[in-house]
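# Summary of the model geometry
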Amino acid sequence: MARIFSGIQPTGDKHIGNYLGAIRHWVTSQSDHECLYSIVDLHSITVTVEPTALRDATLSLATLLFAAGLDPKQSTLFAQSHVSEHMELAWYLNCTATMGELRRMTQFKDKSGGQESVSVGLFDYPVLQAADVLLYQSDLVPVGEDQRQHLELMRDIALRFNGRYGETFVVPQAQIPTAGARIVDLQEPTKKMSTTGGTEQGTLLLLDTPARLRKKVMSAVTDSDGIVRADAENKPGITGLLLLLSAIEDVPVQTLEARYDGRGYGDFKQDVADAVVTLLEPLQTRYAELAADPGEVVRLLNVGATSARSLAVPTVELVRERIGFAPRG
Ligand code: TRP
């Protein structure tokens, strides 16, 4: 059975784009893969974050992921900082990756541009990410398009290490969803939905109340020609809503265009709002139940970390031996 690893940062409220683009697939993969999912809190400290905010966000995201259907009996969910082998392997890989490679990373250029002070950690972010995946000898890494370059680097690092020290790491493959999964901001539909780059009113948060979700959908920007048809250039608002409904119902946009032929935007938006609320209601109910017992979430994360560690330790032991560190006796 192929092994999957993926990571999600605990910072920033999660929205329906995160759910449809990643979380939902993490849940379905559980039945036919061996899955490890990590809340990558070590990555989050590459920029300044308040300690209480980090702690709250990590526990809240764990609660959300369990509520979304990650099943501790089927897969492993853990906090990255609970498995210190991630940091140890990152050091070894720091000595394999080069400055030139890291300098070419577009995400680093984007995130560091215009900043007064940039941490060494932000520069090194992709090496820690490589360690995350290689530590578990993972085969597949489901990620968004924006992570393609980091995945290529990870493969290069694995191949170089294997070449220098002998076969050590599985060289992982990216699993990038094909087009269609693009969920856009409802107020500025030329932008991706995002809690950092988008608008508040145009972002459907997973924990927004049903009333708030409805309001956001009903006030989504459209156009004045009144036809429910996809046309990214001239009708980005309607196109965004069509893609959203298409992703939720898992039906092609063309089917939706036919369904709404001759009907107005009001009807269409109403249906999108219903679909969003129906999709998220079970998750929200489960979240409320789990959040009432925070000790249970801490316990489940601990179970996850113990199981992750049991796979991570043999890898670092092998790596130490390959590099040539003296035996500990
Ligand atoms: N960098 C990824 C993102 O921003 C998160 C991440 C960290 C990750 N480590 C990972 C994703 C390992 C896949 C595998 O989305």
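See the structure printed just above.
Right, let's walk through the structure included here. These numbers come from a predicted model, not from an experiment.

Looking now at the site of the ligand. Taken together, F5, S6, G7, V40, H43, Y125, Q129, D132, V133, V141, V143 and Q147 form the complete shell of residues around the ligand. A distance of 3.0 Å separates a nitrogen atom of the ligand from a polar side-chain atom of Q129. Within the contact set of the ligand, a nitrogen atom lies 3.1 Å away from a side-chain nitrogen or oxygen of Q147. Isolated, the ligand exposes 360 Å² of accessible area, and the fraction of that covered by the protein chains is 88%.

The tally for this structure, following the rule as stated, stands at 17 salt bridges. In this structure, R148 engages E145 in a salt bridge whose closest nitrogen and oxygen atoms are separated by 2.9 Å. You can call R148 partly exposed: its relative accessible area is 43%. Here R212 ties to E200 by a salt bridge, and the two come within 3.4 Å at their closest N and O atoms. Linking R212 in helix α9 (residues 210-218) with E200 in the loop between β5 (173-175) and α9, this pair joins segments that are 12 residues apart in sequence. E200 sits in the exposed class, given a relative accessible area of 62%. One connected set of salt bridges, linked through shared partners, spans E200, D208, R212 and K216.

Right, let's talk about the pairing of strand β1 (residues 3-8) for a bit. Most of β1 is tucked away, with five of its six residues classed as buried. In this structure, β1 lies alongside strand β2 (residues 34-39), joined through six bridges in parallel fashion. The partner of I4 across the bridge, within β2, is C35.

What counts, and where the lines are drawn
- Residues numbered from 1 in each chain as written.
- Predicted model: local features only at pLDDT ≥ 70, side-chain atom pairs only at ≥ 80, totals over all residues.
- Heavy atoms only, no water.
- Near = heavy atom within 4 Å.
- Polar contact = N/O pair within 3.5 Å; in protein donor to acceptor, adjacent residues only side chain to side chain.
- Areas by Shrake-Rupley, 256 points an atom, 1.4 Å probe, with all protein chains shown as cover.
- Salt bridge = Lys/Arg side-chain N within 4 Å of Asp/Glu carboxyl O.
- Buried < 20%, exposed > 50% of the residue type's maximum accessible area, 1.4 Å probe, protein only.
- Helix = DSSP H or I, 4+ residues; strand = E, 2+ residues; numbered from the N terminus.
- Pairing = 2+ DSSP bridges.

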